[in-house]
Structure formats: structure tokens, C-alpha cells
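Reading the structure
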Amino acid sequence: MENEGKKRVWSEYQKEIADDHFFYVRSCIRQSFFPGSEQFFLDFMRNGLGKDVFENPSHTTCTGIGYHGDIVPIETIMTVVARHFALMKESGYKNIAISCVTSFGIYTEILETWKHFPEQLERTREFLFKATGREFDVPENMAHTSDIIYKFRDEIASRAKYRLINHQTGEPLKVVEHIGCHYSKMFPKHGVGGAEFPRVLSGMAEAWGGEIIDYPERRHCCGFGFRQYLVQANRGYSVSNTAKKFASMEPYKPDFILTNCPGCNMFMDKWQYTIREMEGVTFGPSGDSIPVLTYEELAGLVLGYNPWNLGLQYHMVQSEPLLRKMGVEFDPEDKYKTKDGVQMPIPRNLINC
Amino acid sequence: MTGNVIVIGGGTAGVEAAGQLARSGIGVTVIEKESTIGGHVRNWHHLFPDRRSSSEVIDYLRKQLKHDNITLVTGELISGFDKKGGSFRLKSSSGKEFHGDAVLIASGFDLFRSERKEEYGYGIYDNVITSADLESMFRDKSILLRNGREPEKIGFVHCVGSRDEKSGNLYCSKLCCITAVKQAIGLKELIPGSKVFCFYMDMRMGGALYEEMYREAQEKYGISFIRGKVSEVSENIEGKLVTKVEDTLAGRPLRIEMDLLVLMAGMEMSKDGEAIDISGKLNRGVNRFFAPADYHFGSNISNIKGVFYAGACTAPMNITETISHARGAVSDVLNYLTNKH
Amino acid sequence: MNRFGYSLSKARVIDYDANNHAVAEYIAEKEPSFRLCIACGGCAATCTTGNFTEFSLREINILIHRGENRKPGSDIRKCMLCGKCILVCPRGVNTRNVVITAREAFKKFGINAL
């Protein structure tokens, strides 16, 4: 495989990513499933890089799950998004930083819709004004937060405490990247590296010493699909897509999976447990499962954050095998303690432990 | 008859027209950007449907060019022209000027750059090649994978950059289907034990003896034809190319691993052809090729009096059609010069 | 015991490399015109059997060529061998002999043996 060819593709999909003064919009589900990720982003941006990242407490869900689940009409979601733009305007910000790939996809889809159908923009202004009395501007710069971490990847590399290198063998760790479909499949121009060979996560992993695996089903959707997995009867074909990906990446013996989408991350993490229960199959080495990390968690590990402060213990697949390979120092005793040191109940039958 | 005609392009169309014009007593200057004549044919090994060596076409063109009335200028790229009264002044990118009573544009086509179809991974996956790459392998009589081994399973992907809104090319390039059939047969002859597959949307066998060759490919050479557009190619851990296609006749997606995948690159308006008309005076079709004054009765005539077209600068054409088209252009140029003087 | 209320779905994809191509090769060797099919469907349109049952020689041809032998192995029994399809075929495939040879092949390779 020729890396030069990929570089050519990447060079055609470069997007402008703002440098500072971000209006941050959170994901609905990430705080439950990967509770340290957004926290890391805010801490690193503000205290690590000294950037201005603002959160408005009136920000709500974008209603993307409802929209893709066919219960929220497009006029409604456009008005909700317009309200977020109004909050941004009221807070004095022009650069939006979006934590969720579903939201990012919705924001790009809506902005493109308004570009091609300006009457929809006007209608949305009217709806928002009637409902809330608010007015809004479209953002000057819109980035997914993985774009922002990608932008500062070399900065992170220069401060790295640990690299994505197996500290016993000296070999680079093998990284599978999985990009959320709505990051760039709908609008390749809005994603770093486009849709076929996205660069946003591979760029981070390589900058931090890892080796990217390009496996046959790399571009396949994780199967999330909203209304598909939401309905239990449909969940079988949803999980089958993830299983297809795992089987395809298995021969490469990946050390971990890196994702930028809440749904994909949750799926690839939790479905490994489900498939193991249903079929007795695992995809990691010697019966292990493959740890699945968000890009914030990975950046945090590289920078030497305590893995328990990054929330890795809340994953279904535990990350200890990866931590040991990277040589990350951690105290197993602290894994299920509150930040005040109070011991919490310890889950049984942990995967990879 | 007297007069001087500038022919832009020393490929099949330009040289054929130059030869015919010269023998009618016209002075001809052929301006070729490369160091030698022949155009794309020089890179081809053999031609469909009779598998004639392309060197025979080059030999024929060389003979056409041998005439005292013909001046061949090589290594010059035309980048603009203007018309004053009845005469034309052409500028080359090196600053030279050429003058003539008429201009015949025979700037040909560019092969579609297959790396633009990112999903096929040309320039990324080791054993994804183009139809042009395969021709040069045929010339060397050696079909080898990047690792030096002989391929056992080979796939041809039709319509790469043709009939494809995503590439901005709505048209059919016409020659790729028959080229794939010809190349598939060529492969089976060189590697008889190989399995060869063609992935097509429609088999467009619209030329003399094309359908017969398609039939021969099925019957005599056992080449498999699978109807469906390849959606995506990736490389597995053994370096095999995992190819995804909907088998539209079976109505189900199909997955197959290949050792070698050949992309049938389509034809596009040439970039150097576009540069001839930097000021945009000449009409262009929705296919971006030069648009003739009339697709039925004036396929060699442009919208500027005294400027004519020959060959694939107006649409994808095979060698036979290009030669006929060039001869048609000669007739229109001669008419123009006769009525002018 | 699956306690999830759903399970993994079987892939619909034709896994060409994993399929058994012995039937296709057997037929092509005994009746080379089998390879000439372009799936125009003339045979199926005129077919006596296909008018009343789930039987399409076009489909059978394609599936055998892809090594998808299960459905053809069962369908092929339905043909009444009337021979109308030979009259229609624009490629001159000896369709009647394809059916007879296919039956032989399915029996030989133990696929839904007659």
C-alpha cells in the first residue's frame, strides 16, 4: 500500500479549523458512555493550550436521535439548531466546536440545505423568532472536536508522556480507526481527508507514534443507524455490521480501536460483549476483546492523564492490555474510587481483566 | 489549390488530415507537443477488434507525414490563437508564433485520471492498475504483480470516469468495454490458467466485430462477465484486492478477491486542448469536448470560420472513426480554402 | 442461550471465493454454450414452467455461474424440457442440454440430488 497516494487524497480535503474562541456543543450520550472525553477536551483546550472554549448552559440536544429515528421533523431540528446558533451569537462566538458526529452531520446538512434553499433559512429564522424571540447568525467556522484535536496533534505529540509504541518491543501499536459515517460521507469536503481515506484520526494516531491498519471493511458503517438499533427486533442486523468489521480487522491483531463518533464508539465497545455472549467469539488476542477509545481518551493517555480520570473504567471492554503496552502507570486500586477516594462497587466479569 | 493550414496535434487525427491536405497541394504545419508523433496510440500495445499491433498505425502515420508540403514542429504547445482578416496567428507556450489560413484542431483526449475515483485506490493499493498500465505490461510481455508473482485472478472495472456523475462525466467513452474484452483475452493468452472477470454496467459493443469478440471472450476464453458497478476496493492482509460489487443479475451484493484489478479509464477533453482556446471563443459541449457546429452535418466545423476539428477533441472515438473524421475535416478545410480565395 | 432477543444475521453477500464452482465448471465443459448466456431473460419469458412456478432459467444460469448452487439445485427439477427456450435464445445457448447437464452435475456433486 502506498502512503504517498493517500497523502495526495488528503491534500485535496483540507478544511479550515479555527484556532481559538470556540462555542462548544456537547453530545447527548457521550457523558454517559465515555464520561471523561468531553471533560478532557475542555481541560486540555483551556488549561493545556490556553484556548477560550465557551459552554452555554442553555444548550440542549440537537434532537438528532429523534430526527434520525423519524420522530422529529426537519423543520423542528433546523429550528433547534438555529437556537444553538442564537445562543452562540448571544455569547459572542463565531466558531462552533461540535462534540458529536451525528450533530456534526446534522449541522453540515442543515447549513448545506440553507445554502441551496435560502427560503428554508428564512423560514427557520421566522420559526425561531416566533418561538423564542431569538435571532441567529450561521457560524463562521464549524469543526468537529476531532478536527480540533487533529489540528493540535503535533502540539500533543510534543508534550507526550507516552507514545503509541509497545514499550516492551519498541514496535508501533496497531491502530484501527473508525470514522463516524456522518463525519464526511455525506459531505466529503467537510471532513479532514475526505470520505474514502479520512485523515482526522489516522493523522492523530501516526503523530503519536502508532501505525494505522487499513483493513478491508474499514469504510463499512458500524451499523448504529438510529431507528435500526433502537428497535430491538432490528438490532440483529445492526450488530451484524459491527461483527463484520471486527472479523475483517481481526487478522491484523489491532491493539485498539480509535473512533470519533459517540454511536460507533458505544457500539464497537458494547457489541464485543454482546457478540461474545451470543456467539462465544472474541476478536482480540487470546480471548481478549479490543479496547475502543475516543480520540480525547487517547490524547489524554498520550499526555499522561490518569486513565481513571479519563473514564476508561466505564467502557465495556477494559483498557488494561493497552495501558500495559503503552507503559502507562496506573493504580488498579483507584479504578473504582470516586475523586474523593471513596470506594465504589466493583463490577464483576470485567472484559480484558 | 494554395493555402497553409496549421494542424494542432500530431496524433492519429492530425497526421491523417495533414497527409490528405498535403496531397491536395496545401501547405501544412503540424504542431505536436511531444517530441514525436502518434499520440495515445504510441502507448497502446494492440488494437481491437483484430488485435493489430499499434505500431502498424504509427508506421502508417509516419508514411502519411512524408510529404514536402508538411512541416512537423515538435515540443510546442499551443496556448491561444487569434484571427485577423482571413488569417490566424497561433502562439505557443515557448513564445513561438505560427501563421495560417485555417486551423485544424486535432488535440485529442486525456485519459481519465483514475486516482480521482478514490474508492478504487489507484496509486494506493499495489495491484490496482489502469488499462493504460496494462497495455505497457503487454508491450513488455510480462504481467506481474508488485511482488513479482503472476496474477491468478484479474478483474476489469468498466466505466471508470465514464457514465459517472460523480466524475462529472455523464457520457460513455465508448472504447473501454471493447478494450476490456480485448485486454481480458490478451491476459488469458499470456496466463492461460488465470481467471478473468469483467465488471460492467452495460456491455456497449457498438462497433464492427465487437459483439463477436465479446462472444469469443465468453466461449473460447471463459471470461466471466458480472453486471454491476464496483463500489469499493480494499486490500486485505494478504495483499488481495477485496472487490465489492452488486451482481445486478443475481440481485445480491457480491464480494470477490482479486490479485490484479484493471481500471478502464475513460476519455476526457484534453487539458492541452482547452489551453488552445484560453479565451473561450470556441463552443464546448456538456461533455466539455469541443462542440461542432452541427453534430450531423458539421461535425468537423467549429463556430469560428476557418477553425476545424478532427478526432477525439470532439468526442470519444476509436482509430477507425478518428481516421474517417480526419478525412471529413480535410474535405471541409478544402471547401473553406477554395471559397476563400 | 441467547437472552438478547436478536441475533447476528447471515450475510446476503455472494461470497464468490468461498462458493463451490464445480457445478459451473462441469456444465461449461460438457456444454460450452453455457458460458454464452448474457442473462437477457428470453428463456425465462417464454418458459412453460416459469409461468406457473418459481422457475427462471436466467436466474439459474447466473446463480450457477456465481457458485450459488442451492436454489438452482432445487429449481432445476421443475423444467419440463419442452425446448421452447432454445428457440428464443439469441446467443445460441443449448439451454435444454444445460438443464440436463446441470441435473447431472447437481447429482454428481451431491447438491439436492434428484
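Residues numbered from 1 in each chain as written. Chains lettered and ligands numbered in written order. Predicted model: local features only at pLDDT ≥ 70, side-chain atom pairs only at ≥ 80, totals over all residues. Heavy atoms only, no water.

This paragraph deals with the overall build of chain C. The helix and strand inventory of chain C stands at six helices and one strand. In sequence order, the secondary structure elements of chain C are arranged as β-α-α-α-α-α-α. Projected onto the principal axes, the alpha-carbon positions of chain C cover approximately 55 × 30 × 25 Å. Counting all 114 residues of chain C, 46% fall into the buried class. Long-range contacts, defined as pairs at least 24 residues apart, comprise 68% of the intrachain contacts of chain C with a sequence gap of at least 6. For chain C, the computed accessible surface area is about 5900 Å², with 53% contributed by carbon and sulfur atoms. Across chain C, the mean location of the 17 positive side-chain charges is 5 Å away from that of the 10 negative side-chain charges. (Helix = DSSP H or I, 4+ residues; strand = E, 2+ residues; numbered from the N terminus. Buried < 20%, exposed > 50% of the residue type's maximum accessible area, 1.4 Å probe, protein only. Contact = heavy atoms within 4.5 Å. Areas by Shrake-Rupley, 256 points an atom, 1.4 Å probe, with all protein chains shown as cover. Lys, Arg positive; Asp, Glu negative; His and termini not counted. Charge placed at Lys NZ, Arg CZ, Asp CG, Glu CD.)

This part covers the interface of chain A and chain B. Each side of the interface is counted separately: chain A has 19 residues, and chain B has 17 residues. The three residues of chain A that bury the most area against chain B are Met1(A), Pro216(A) and Arg219(A), which together make up 35% of that side's buried surface. Partitioned by chemical class, the residues of the side of chain A that touches chain B number eight nonpolar, two polar and nine charged. (Buried area = accessible area lost by both parts, 1.4 Å probe. Nonpolar A, V, L, I, M, F, W, Y, C, P; charged D, E, K, R; others polar.)

Residues and elements named next belong to chain B. Residues Ala 102 and Leu 104 line one face of strand S7 (residues 102-105) and the alternating positions Val 103 and Ile 105 line the opposite face, and both faces are buried. One ladder, built from four bridges, connects strand S1 (residues 4-8) with S7; its direction is parallel. Paired with Val 5 across the bridge in S7 is Ala 102. Taken together, the three bridges between S7 and strand S18 (residues 307-309) define a ladder with parallel strand orientation. Considered in S18, the bridge of Ile 105 is made with Tyr 309. (Pairing = 2+ DSSP bridges.)

Residue and element names in this part refer to chain B. On domain assignment, one finds that chain B holds domain 1 (4-108 + 270-340) and domain 2 (114-266). Each of domain 1 and domain 2 was reduced to a C-alpha centroid, and the two centroids are 32 Å apart. Counting residues at the interface gives 17 residues for domain 1 and 23 residues for domain 2. Interface of domain 1 and domain 2: buried area, both sides summed, is about 1700 Å²; carbon and sulfur atoms make up 59% of it. Together, Trp 44, Phe 48 and Arg 51 form the three largest contributors to the area buried by domain 1 at its contact with domain 2, with a combined 36%. On inspection of domain 1 and its partner domain 2, the count reaches two salt bridges. A salt bridge links Glu 189 to Arg 51; the shortest N-O distance between them is 2.9 Å. For the side of domain 1 that touches domain 2, the residue count by class is seven nonpolar, six polar and four charged. (Domains from an automatic or database assignment. Salt bridge = Lys/Arg side-chain N within 4 Å of Asp/Glu carboxyl O.)

To continue, consider the nonpolar core. If you look at the biggest cluster of nonpolar residues, it comprises 122 residues, and the most contacted ones within it are Val5(B), Leu90(B), Ile105(B), Leu134(B), Phe156(B), Ile223(B) and Phe225(B). Broken down by element, this core gets its largest block of residues, eight residues, from helix H4 (residues 176-190) of chain B. Counting residues domain by domain, this core receives three or more from each of domain 1 (4-108 + 270-340) and domain 2 (114-266) of chain B. If sequence neighbours within four positions are ignored, Leu134(B) has contacts with Ile129(B), Ile143(B), Phe156(B), Gln183(B), Leu187(B) and Val262(B). If you look at the next biggest cluster of nonpolar residues, it comprises 102 residues, including Ala97(A), Phe226(A), Val239(A) and Leu301(A). (Core = buried A, V, L, I, M, F, W, Y, C linked by side-chain atoms within 4.5 Å.)

Here we take up the packing of aromatic side chains. In the structure shown here, the tally under the stated rule is 32 aromatic pairs over all chains. Ring centres 5.2 Å apart and planes at 85° place the aromatic pair Tyr229(A) and Phe267(A) in the edge-to-face group. Of this pair, Tyr229(A) sits in helix H12 (residues 227-230) while Phe267(A) is found in helix H14 (residues 262-279), placing the two residues 38 residues apart along the sequence. Seen from their ring centres, Trp271(A) and Tyr6(C) are 5.9 Å apart, and the 70° between their planes marks the pair as edge-to-face. Pair noted here: Trp271(A) is in helix H14 and Tyr6(C) is in the segment before strand S1 (14-15), and the two residues belong to different chains. On the accessibility criterion, Tyr6(C) (8% relative accessible area) is buried. An aromatic cluster is present here, built from Phe224(A), Phe226(A), Tyr229(A), Phe267(A), Trp271(A), Tyr273(A), Phe4(C) and Tyr6(C) joined pairwise through their rings. Over the aromatic face of Phe197(A) sits the side chain of Arg219(A), whose NZ or CZ is 5.3 Å from the ring centroid. One residue, Arg91(C), lies across the ring of Tyr214(B), its end atom 4.6 Å from the ring centre. (Phe/Tyr/Trp six-rings, centres within 6.5 Å; stacked < 30°, edge-to-face > 60°. Lys NZ or Arg CZ within 6 Å of the ring centre and 35° of its normal.)

With that settled, consider the pattern of salt bridges. Within this structure, the stated rule accounts for 60 salt bridges over all chains. With its nearest N and O atoms 3.3 Å apart, the salt bridge here joins Lys7(A) to Glu4(A). In this pair, Lys7(A) and Glu4(A) are both assigned in helix H1 (residues 3-12), three residues apart and thus about one turn of the helix distant. Given a relative accessible area of 52%, Glu4(A) falls into the exposed group. Salt-bridge contacts for Asp259(B) lead to Lys240(B); the nearest nitrogen and oxygen are separated by 2.9 Å. Here Asp259(B), found in the loop between strand S15 (252-258) and strand S16 (260-265), pairs with Lys240(B), found in the loop between strand S13 (230-235) and strand S14 (241-247); they are 19 residues apart in sequence, far enough to count as distant. By relative accessible area, Asp259(B) is classed as buried at 9%.

Summed over all chains, the structure comprises zero disulfides over all chains. We note that Cys172(B) lacks a disulfide partner, and the nearest cysteine sulfur, in Cys177(B), lies 6.4 Å from it. (Disulfide = S-S within 2.5 Å.)

With that out of the way, let us pick up unusual backbone geometry. Residue Phe48(B) is joined to Pro49(B) through a cis peptide bond whose omega torsion reads -10°. Tracing the sequence through the fold places Pro49(B) in the loop between strand S2 (27-32) and helix H2 (54-65). Despite not being glycine, His21(A) shows a phi value in the positive range, around 60°. Secondary-structure assignment places His21(A) in the loop between H1 and strand S1 (22-25).

This part is about the interface of chain B and chain C. Taken together, the contacts link 21 residues of chain B with 18 residues of chain C. Interface area for chain B against chain C, summed over the two sides, is near 1900 Å², with a carbon-plus-sulfur share of 46%. When the area that chain B buries against chain C is broken down by residue, the three leading residues are Gln218(B), Leu249(B) and Arg252(B), summing to 31%. Across the pair Arg252(B) and Glu68(C) runs a salt bridge, and its minimum N-O distance is 3.0 Å. Counting the contacts that link chain B with chain C gives 17 residue pairs in polar contact (both at pLDDT 80 or more). No other element matches the six residues that S15(B) contributes to the side of chain B that touches chain C. A breakdown of the residues in the side of chain B that touches chain C according to their chemical character gives nine nonpolar, three polar and nine charged. Bridging between S15(B) and S1(C) involves two bridges; their strand directions are parallel. (Polar contact = N/O pair within 3.5 Å; in protein donor to acceptor, adjacent residues only side chain to side chain.)

Attention now goes to the sheet that holds S1(C). The four strands lie next to each other as S13(B)-S14(B)-S15(B)-S1(C), forming an open sheet whose pairing is mixed. Since the sheet does not close on itself, it has two edges, and those belong to S13 of chain B together with S1 of chain C, each with one partner.

With that settled, the discussion passes to the environment of Ala265(B). Residue and element names in this part refer to chain B. Turning to its location among the elements, Ala 265 is positioned in strand S16. In the structure, Ala 265 is positioned 117 residues away from Gly 148 in sequence and 24 Å away in space, judged by C-alpha atoms. For Ala 265, the contacting residues outside a window of four places in its chain are Leu 111, Phe 112, Ser 114, Ser 131, Val 160 and Cys 176.

What follows deals with the confidence of the model for chain C. Here chain C averages 94 in pLDDT, and 96% of its residues register 70 or above. Confidence metrics for the complex model read pTM 0.95 and ipTM 0.93. (pLDDT = per-residue confidence, 0-100.)

With respect to the helices, strands and loops of the structure, Ser54(B) is situated in helix H2. If we skip the residues at most four places from it in the chain, Ser54(B) touches Val41(B), Trp44(B), His45(B), His46(B), Leu47(B) and Arg139(B).

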